Amino acid sequence: GSRTGTGCTTTSALLAATLAEGRKSRVLIIDSNFRTPSLNMFFQVKNNGGFTQVVSEGVPFETYVQPTNRPNLFVLTSGQISLSPAEVFEGEAVDQLITQLKEKFDFIIFDCAPVLDFPDAFALAPKVDSIILVAEADKTSVEDAQRVKRNVEAAGGRILGVVLNRQRDYTPAFLRKFFVVKRMRLKIGD
């Protein structure tokens, strides 16, 4: 996400759930939002240790990867933060972890802190295959979105696309009625 409150965690979790369900793929979602970690609450699992312990203490990832209530979907919570958030992503430990995880999971999704508020994720950007930015309709300015894109690419990240979150329907009510009636007539006429 570009800023706090854009719905990045919800978007990440829904993407992970969709990949696990639709393709029958093994999916791991990692809570790497050390500022406001919340995947443990989203999936109703414990955060007794996780990503930071695996990276900073060398604990095997299997120790902290937890199944969710959805088949094929697993979560690695943030764990207890002992380092500064940016330091967690630096070094070869994250590279080694990603290599190990790719052998066990078809998709690995990192839920990161908003990059305009906390630039921690820039250290992770070059280590992942691609990045999806989450922007909130009517809140995220075009300038902020462009700045995030430039900064992510300058850090070595590859942007796959943007999710425009919380988009409102601006069609006037009288036109919505017209479209619904017209669609109903088409279905009845078929």
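First things first, this report covers the structure right here in the doc. (Residues numbered from 1 in each chain as written. Predicted model: local features only at pLDDT ≥ 70, side-chain atom pairs only at ≥ 80, totals over all residues. Heavy atoms only, no water.)

## Some points on helix 5 (residues 92–104)
Spanning 13 residues, helix 5 covers 19 Å between terminal C-alpha atoms, matching the ideal 18 Å at 1.5 Å per step. Turning to helix 5, its buried residues number three or more, namely V94, L97, I98 and L101. Seen along its axis, helix 5 keeps its buried residues to an arc of 100 degrees; they face one direction. Every exposed residue of helix 5 that faces more than 90 degrees away from the buried side is listed here: E92 and E103. Those residues of helix 5 hidden inside the fold are in contact with strand 1 (27–32), helix 3 (51–57), helix 4 (85–89) and strand 4 (107–112). (Helix = DSSP H or I, 4+ residues; strand = E, 2+ residues; numbered from the N terminus. Expected span 1.5 Å × (residues − 1). Buried < 20%, exposed > 50% of the residue type's maximum accessible area, 1.4 Å probe, protein only. Arc of directions from axis to C-beta. Contact = heavy atoms within 4.5 Å.)

## A look at the pairing of strand 6 (residues 159–165)
Judged from the 6 bridges that link them, strand 5 (residues 131–136) and strand 6 form a sheet pairing that is parallel. Opposite A135, over in strand 6, you have L164 as the bridge partner. A crossover links strand 5 with its parallel partner strand 6, the connecting element being helix 6 (residues 142–154), and its sense is right-handed. (Pairing = 2+ DSSP bridges. Right-handed = clockwise from strand over helix to strand, strands pointing away.)

## Digging into the environment of N47
Inspection of the secondary structure assignment puts N47 in the loop between helix 2 (39–42) and helix 3. Along the chain, N47 and Q66 lie 19 residues apart, while their C-alpha atoms are 9.8 Å from each other. Beyond its immediate stretch of four places on either side in the chain, N47 contacts N40, T77, S78, G79 and Q80. At 3.2 Å, the side chain of N47 forms a polar contact with the side chain of S78. (Polar contact = N/O pair within 3.5 Å; in protein donor to acceptor, adjacent residues only side chain to side chain.)

## Quick look at unusual backbone geometry
For residues other than glycine, phi is negative in most cases, and the peptide bonds are mostly trans. Its identity is not glycine, yet Q44 carries a phi of approximately 55 degrees, on the positive side. Mapped onto the fold, Q44 is located in the loop between helix 2 and helix 3. Residues other than glycine seldom take positive phi values, yet N72 does so here, at roughly 70 degrees.

## Topic: the nonpolar core
Core analysis: the biggest nonpolar cluster contains 31 residues, and L28, F51 and F110 have the highest contact counts within it. At 4 residues, the largest contribution of residues to this core is made by helix 5. In this view, L28 contacts V65, F74, V75, L76, L101, F105, F107, I108 and I109; residues no more than four positions away in its chain are not counted. A17, V27, I29 and F43 belong to the second-largest nonpolar core, a separate cluster that totals 13 residues. (Core = buried A, V, L, I, M, F, W, Y, C linked by side-chain atoms within 4.5 Å.)

## Some words on a nonpolar patch on the surface
A surface patch of nonpolar side chains, amounting to about 260 Å² of accessible area, comprises L15, I132 and L160. Residue placement: L160 occurs in strand 6. (Patch = residues over 30% accessible without salt bridge, like charges linked within 9 Å, V, L, I, M, F, W, Y side chains within 5 Å. Areas by Shrake-Rupley, 256 points an atom, 1.4 Å probe, with all protein chains shown as cover. Salt bridge = Lys/Arg side-chain N within 4 Å of Asp/Glu carboxyl O.)

Distances and angles like these do not, on their own, reveal function.
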